[in-house]
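One-letter residues, chain by chain:
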Amino acid sequence: MLRHELQPGKLVAGTVLVLAGVLYAGDAGGAWHTPWFVAIPLVTGGLCLAGAVALLTGMVRRRRRDGRMGADAG
């Protein structure tokens, strides 16, 4: 089985969007009441957090890659 690279930004984005879906599914099923305006800050904040995580992950990976290449060359 081929292994793939972990992408934490996509994991955060998917988790937040699933959470928004569960909130509205519970509202549609009558389990609880979710106001219509809850989705906007939830999704916006989650996507901003996912972008920050992806940026941080990219910076860490770039630093590791450059560090390994520098250590091998010297």
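Residues numbered from 1 in each chain as written. Predicted model: local features only at pLDDT ≥ 70, side-chain atom pairs only at ≥ 80, totals over all residues. Heavy atoms only, no water.

## Some points on the environment of Leu47
Rules: The helix and strand labels rest on DSSP assignments: H or I over at least four residues marks a helix, E over at least two residues marks a strand, and numbering proceeds from the N terminus.
Following the sequence through the fold, Leu47 ends up in helix H2 (residues 39-73). The spacing of Leu47 and His33 is 14 residues in sequence and 24 Å in space, taken between C-alpha atoms.

## Quick look at the pattern of salt bridges
The following threshold applies: By convention in these notes, a salt bridge is any Lys or Arg side-chain nitrogen within 4 Å of a carboxyl oxygen on Asp or Glu. When accessible area is computed with a 1.4 Å probe and restricted to protein chains, residues below 20% of their type maximum are described as buried, those above 50% as exposed, and intermediate ones as partly exposed.
Applying the stated criterion across every chain yields a total of two salt bridges. Among the salt bridges present, the one from Glu5 reaches Arg61, with a minimum N-O distance of 2.8 Å. Of this pair, Glu5 sits in the segment before helix H1 (8-29) while Arg61 sits in helix H2; the two residues are 56 residues apart in sequence, bridging distant segments of the chain. A relative accessible area of 31% means that Arg61 is categorised as partly exposed. We note a salt bridge from Arg65 to Asp66, for which the minimum N-O separation is 3.8 Å. Given the relative accessible area of 48%, Arg65 is considered partly exposed. Assessed through its relative accessible area of 45%, Asp66 is described here as partly exposed.

Remember, this is a structural readout, not a statement about activity or role.
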